[in-house]
Amino acid sequence: MVLKHNVLATAVASVCLGMCAVANAGTAPLASQQQDTQTTSSSNTKTDNNGKSDKTTDKRQPQKMAAVQVNGFVSSIENSTALKRNANTIVEAVSAEQVGKLPGVSIADTLGRLPGLAVQTVDGRPQVLTIHGLGPDFSTALINGGQQVSTNNNRDVAFDQYPSSWFDNVVVHLSPEANLIGQGLAGTVDMHTIRPLDKSGPEAAVNAKYIGNSMSELSPGKGVSNHGYNVNGVWVSQFADHTIGVTLGVDLENNPSQIEHQAPWGYPTDSNGDYVIGGSKNYGITDSMKRNGFLATVQWQPNEFYTGTIDITADNFKEVQQAKGMELPLGYGPDGMTYLTPGTVSRGFVENGTYDHVNPVIRNDFNSTTARVYNFNWDNKFHINENWSADLDGNYSRATRRDVNLESYSGTGYYYGPNAYYKVDPVTGNGSVTGSPHAPSGSFGFNELGNGMLYVDPSMNYGSGMVLTDPQGWGAGNKVVQEGFINAPHTVDYLANLRLSVERDFVSGPFSSLQFGASYATRNKTYNIDQNFLTLGGGSFSATNTPVLSAPFSGSQRCTAGVDGHRLDAVLQPVLADRQRHADRGAGVYVLAAVAAELEGARA
């Protein structure tokens, strides 16, 4: 049977031949050597008296050209191009130039290099993915075709939990495909680990990096630093006459970040109709992300009819963050713009000025995230004959995550003053917290720079003499002195997939292959919400009771409540305790036909 080659295939082959010609030219003899050879051949030609030439053959051993192997960055580009060219749908792809050398520290770094994809930075490092402008909730992640769970409270995947050294290539599917289980609306990221039997022999790679941040620790404390490291290694080998292959990988990382955080909120107008800063949260944040990841792959190919592969990944992720700063209620504070003295006004915007009677909330926050992700995948490929093949694969993925987000508030004193009490209206029976005098307040000069940064100059020294309290009276509506807040959500997500597919290949006709299969999937995700006010004890406000209004620090003024060895005798006041559970189960069948298209007669 004669196979027809289309114009596109012919063009690709021509390019490949051209590349081979260029590669061979690099190992060919020099031009001078070629001329010497020609001269020698001419000298071996004899001419008799009748003008006839008698050529004597130079009996030399034929020269065997050395093989040209393309590797490194060029091979990475070629492999990525081949993945895109051979795909049945629209994809983007990136391939490792060698074992353990996929670009970037995490897969999030790698994906950010592809066109049409944008990686969003969270706490100083790339984490979640946006595909063609659609948010992270619209994409999913696979490892070797097995769907992955999410450690977030939605279904967006935190890609910074996957070390790039584990993977041989990553394919991003930008269009739907029938046999793609667990695909997203915007796209699907399929990460492929190293297949040991695809390598010609044992290989290994070790990468080590020391991380030092030139910025000092903006918010020193327990669990954070401005120094870190990244050590990862991959080992690939084959056994039993290349019928058994093993891949082992490890990734140990401690990645510090120093973040100057500024979050202005709102721009109201003053009495002249000019816009002015309404408030801002200015923090210095020190963040440390620690990750320990392990990979194991076992591949078995006893004959040409069967290949079995087991992949196991385990990832232990912990992030600690110390955040210290001020929350400044300015134009949107209780007194509004009553005490605003505007300075320079440019194009309807107050660039600088002074706010008086400001009670800032001094924040000492501690945030901790602990996540564990496990993945098991078993793939069985059966090559029945030259036309028929089958694939049976199953995967199980599980993630658990625990967060502790602790906020503590301090200031010059309780907002309603040291004589605060609960006043009940005798007519309506309703009550509210009141008092006098209010906590001592100060003035803040502000300056909005052209680069968007807001600088403030307080009149008081907020580095000493502060007390744990409720500087803005946030808890008064709940009849408490809210000294802080704690949010401790807990997420558990697990899923299991089982799929069987059969494929028939054709050498002629309108289709190159026909694949049909069936799949079954189940997924359960629970999100537990546990939120509490932090109070200083003494119960709640009532007509007969006044709780503790303030308390001094028992240690450094920079302590975070309950952290750094400083004890805070706080009382939990429940706010919200809820549990959300989502369960999905589904089964389906699919048919996928790959069309063999001819491009004959196509013109450039």
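Cut-off values and rules
- Residues numbered from 1 in each chain as written.
- Predicted model: local features only at pLDDT ≥ 70, side-chain atom pairs only at ≥ 80, totals over all residues.
- Heavy atoms only, no water.
- Helix = DSSP H or I, 4+ residues; strand = E, 2+ residues; numbered from the N terminus.
- Buried < 20%, exposed > 50% of the residue type's maximum accessible area, 1.4 Å probe, protein only.
- Salt bridge = Lys/Arg side-chain N within 4 Å of Asp/Glu carboxyl O.
- Core = buried A, V, L, I, M, F, W, Y, C linked by side-chain atoms within 4.5 Å.
- Contact = heavy atoms within 4.5 Å.
- Lys, Arg positive; Asp, Glu negative; His and termini not counted.
- Polar contact = N/O pair within 3.5 Å; in protein donor to acceptor, adjacent residues only side chain to side chain.
- Pairing = 2+ DSSP bridges.
- Axes fitted to C-alpha atoms, helices over the stretch in contact; angles between N-to-C directions.
- pLDDT = per-residue confidence, 0-100.

**Student:** Could you clarify how one ought to interpret unusual backbone geometry in this entry?
**Tutor:** The phi torsion of most residues other than glycine is negative, and most of the peptide bonds are trans. Even without being glycine, histidine 132 reaches a positive phi, approximately 50°. In this structure, histidine 132 sits in the loop between β5 (125-131) and β6 (139-143). The exposure class of histidine 132 is exposed, given its relative accessible area of 54%. Of note in the backbone geometry, histidine 242 takes a positive phi value of approximately 65° without being a glycine. Tracing the chain through its elements places histidine 242 in the loop between β11 (227-239) and β12 (244-264). You can call histidine 242 partly exposed: its relative accessible area is 32%.

**Student:** Explain the pattern of salt bridges to me, please; I cannot follow it from the model alone.
**Tutor:** Pairs can form between side chains of opposite charge once their charged atoms are near each other. Using the criterion set out here, one finds 14 salt bridges in the structure. Across the salt bridge formed by arginine 195 and aspartate 311, the nearest N and O atoms sit 3.0 Å from each other. In this pair, arginine 195 is assigned in the loop between β9 (187-193) and β10 (203-212) and aspartate 311 in strand β14 (residues 306-329), connecting sequence segments 116 residues apart. On the accessibility criterion, arginine 195 (17% relative accessible area) is buried. Two residues, arginine 363 and aspartate 365, come together in a salt bridge whose shortest N-O distance is 2.8 Å. Taking the relative accessible area as the measure of exposure, arginine 363 reaches 6% and is therefore buried. For aspartate 365, a relative accessible area of 6% translates into the label buried. Taken together, the shared-partner salt bridges connect Glu327, Arg363, Asp365 and Glu407 into one network.

**Student:** I keep staring at the nonpolar core and nothing clicks. Help me out?
**Tutor:** Note that soluble globular proteins tend to have their nonpolar side chains buried in a common cluster. Membership of the largest hydrophobic core comes to 23 residues, with the highest contact counts inside it found for Ile107, Leu111, Phe159, Phe167, Val170, Val189 and Met191. Every residue in contact with leucine 111, bar those within four places of it in the chain, is listed here: Leu117, Val119, Leu129, Phe159, Val170, Val172 and Val189. Among the nonpolar cores identified, the runner-up in size contains 15 residues, and Leu328, Tyr355, Phe446 and Leu454 belong to it.

**Student:** I'm lost on the side chain of glutamate 448 in this one. Help?
**Tutor:** With respect to the helices, strands and loops of the structure, glutamate 448 is situated in strand β23 (residues 442-448). Of the side chains with opposite charge, arginine 347 comes closest to the buried, unpaired glutamate 448, at an N-O distance of 12 Å. There is a polar contact of 3.5 Å between the side chain of glutamate 448 and the side chain of tyrosine 267.

**Student:** How should I be thinking about the side chain of threonine 369 in this particular structure?
**Tutor:** Mapped onto the secondary structure, threonine 369 falls in strand β19 (residues 361-383). In this structure threonine 369 comes out as buried when scored by relative accessible area, which is 11%. Among the polar contacts made by the side chain of threonine 369, one reaches the side chain of aspartate 403 at a distance of 2.7 Å. Excluding residues that lie within four positions of it along the chain, threonine 369 makes contacts with Phe317, Lys318, Glu319, Arg401, Arg402 and Asp403.

**Student:** Help me understand the sheet that holds β23, please; the structure alone is not making it clear to me.
**Tutor:** In a beta sheet, neighbouring strands pair by backbone hydrogen bonds and run either parallel or antiparallel. Taken in spatial order, the four strands make up an open sheet running β15-β18-β23-β24, and their pairing is antiparallel. Each having just a single partner strand, β15 (340-342) and β24 (454-458) make up the two edges of the open sheet. Pairwise comparison of adjacent strand axes, ignoring direction, gives a mean angle of 20° for this sheet. As paired elements, strand β18 (residues 352-358) and β23 share five bridges and run antiparallel to each other. Within the sheet, the bridge partner assigned to threonine 354 lies in β23 and is glycine 445.

**Student:** Explain the confidence of the model for the protein chain to me, please; I cannot follow it from the model alone.
**Tutor:** Caution applies to low-pLDDT parts of the model: their predicted coordinates are not meant to be read in detail. Residues at a pLDDT of 70 or more form 81% of the protein chain, whose mean pLDDT is 81. Long-range and interchain partners of residues 1-58, a stretch whose pLDDT sits below 50, account for 35 contacts in this model, where long-range means more than four residues apart. Low pLDDT, under 50, characterises residues 555-569; the stretch is placed with 40 contacts to residues that sit more than four places away or in other chains.

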